[in-house]
Amino acid sequence: MKNLTTLIIIAVALIAFLIGRASVQQSHEVVYTKGVAMKGSATISLPTKEIQPIQPILPYRYIFIDNKEKEVVDTAKIISNYMAERTYSLTLFDNLHGKLDIAPTIQYNKLTAVPFSFTPIKKTVYSRQKWTFFSTLSYNTFNIAGVGAGAFYNNIGVHYRYLWNTDLNVGGHEMGVGVIF
């Protein structure tokens, strides 16, 4: 009789455990948060490729010599264009990984500065089970053994436990309510 009761207790606990594991459904919540922006300036190395055009497109201006219109290269415009400092503002990417902005500066036909600003985006996945099932086995110093099962919905749960006094060979029942803090 004692062995049969022990086998029934173990079987009920195992079945409750398997049912609990099979019924777990998790809910997921994905949150994207902006990280701390990093600012800096990239180092500028020598150009990796330089091409001289065969027939360059030059700015021209028209002058009159002996009442004839003549086209000449506008050297002042070329020098003005050469000396001008140009700063661009570009967003290289703005996606789920973050946002990268650069502001390169070009002067004297050279890249002089490349400041950047990178704002990373951190993906956080929160998962939580609405229903949590559990099984229990217990034994205490009063020679009372117990087997039970229960369920939590969000933070509140109920459980049932069958208690058996091994000295007196009497059984009892226990019901309870639990709260997760």
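These remarks concern the structure in this document. (Residues numbered from 1 in each chain as written. Predicted model: local features only at pLDDT ≥ 70, side-chain atom pairs only at ≥ 80, totals over all residues. Heavy atoms only, no water.)

## Remarks on the overall build of the protein chain
Across its full length, the protein chain carries two helices and 14 strands. Whereas a compact globule of 181 residues would reach a radius of gyration of roughly 16 Å, the protein chain reaches 39 Å, over 25% beyond that. Overall size of the protein chain, expressed as C-alpha extent along the three principal axes, is 130 × 30 × 30 Å. Of all 181 residues assigned to the protein chain, the portion counted as buried reaches 17%. Considering only contacts in the protein chain between residues 6 or more positions apart, those separated by 24 or more positions represent 37%. In the structure as shown, the protein chain presents an accessible area of about 14,600 Å², 61% of it carried by carbon and sulfur atoms. (Helix = DSSP H or I, 4+ residues; strand = E, 2+ residues; numbered from the N terminus. Rg over C-alpha atoms; globule rule 2.2 N^0.38 Å. Buried < 20%, exposed > 50% of the residue type's maximum accessible area, 1.4 Å probe, protein only. Contact = heavy atoms within 4.5 Å. Areas by Shrake-Rupley, 256 points an atom, 1.4 Å probe, with all protein chains shown as cover.)

## Description of the sheet that holds strand E9 (residues 110–113)
Spatially, the three strands line up as an open sheet ordered E5-E8-E9, and their pairing is antiparallel. Where the open sheet ends on each side, the last strands, each with one partner, are strand E5 (86–87) and E9. Inspection of the sheet shows strand E8 (residues 105–107) paired to E9 by three bridges, in the antiparallel sense. Residue pairing in the sheet places Ile106 in a bridge with Leu111 of E9. (Pairing = 2+ DSSP bridges.)

## Observations regarding the pairing of strand E13 (residues 156–165)
Regular strands place side chains that alternate from one sheet face to the opposite one. With ten bridges joining them, strand E12 (residues 144–153) and E13 adopt antiparallel strand pairing. Following the sheet pairing, Gly148 is matched in E13 by Arg161. Counted along the chain from E12 to the antiparallel partner E13, the turn is two residues long, and its residue Asn154 has a positive phi close to 55 degrees. Alignment of E13 against strand E14 (residues 170–179), held across ten bridges, turns out to be antiparallel. Each residue of the ladder has a partner; that of Gly157, found in E14, is Gly178. Count of turn residues in the E13/E14 antiparallel hairpin: four residues, of which Asn169 carries a positive phi of about 55 degrees.

## Remarks on unusual backbone geometry
At Asp66, a residue that is not glycine, the phi angle is positive and equals roughly 55 degrees. Relative to the elements of secondary structure, Asp66 occurs in the loop between strand E3 (60–65) and strand E4 (68–73). Assessed through its relative accessible area of 72%, Asp66 is described here as exposed. Positive phi outside glycine occurs at Tyr108, with the angle close to 55 degrees.

## What about the environment of Gln107?
Secondary-structure assignment places Gln107 in strand E8. Given a relative accessible area of 18%, Gln107 falls into the buried group. Residues Gln107 and Ala145, spaced 38 residues apart in sequence, show a C-alpha to C-alpha distance of 85 Å. Excluding residues within four positions of it along the chain, Gln107 makes contact with Tyr82, Met83, Ala84, Glu85 and Thr112. Of note is the side chain of Gln107, whose polar atom sits 3.1 Å from the backbone oxygen of Met83. (Polar contact = N/O pair within 3.5 Å; in protein donor to acceptor, adjacent residues only side chain to side chain.)

## Focus on the sheet that holds strand E11 (residues 131–139)
With antiparallel pairing, four strands are arranged side by side in an open sheet as E11-E12-E13-E14. With one partner strand each, in any of the chains shown, E11 and E14 form the two edges of the open sheet. The mean inter-strand angle of the sheet, taken between neighbouring strand axes irrespective of direction, is 15 degrees. (Axes fitted to C-alpha atoms, helices over the stretch in contact; angles between N-to-C directions.)

## Describing the pattern of salt bridges
Close approach of charged atoms lets side chains of opposite charge pair. Summed over the entire model, instances satisfying the criterion amount to three salt bridges. A salt bridge links Arg61 to Asp74; the nearest nitrogen and oxygen atoms lie 3.8 Å apart. A residue pair is termed long-range when its members are at least 10 positions apart, and Arg61 in strand E3 and Asp74 in the loop between E4 and helix H2 (75–83) qualify at 13 residues. The salt bridge partner of Arg161 is Glu174, with a shortest N-O separation of 3.9 Å. With Arg161 in strand E13 and Glu174 in strand E14, this residue pair connects regions lying 13 residues apart in the sequence. (Salt bridge = Lys/Arg side-chain N within 4 Å of Asp/Glu carboxyl O.)

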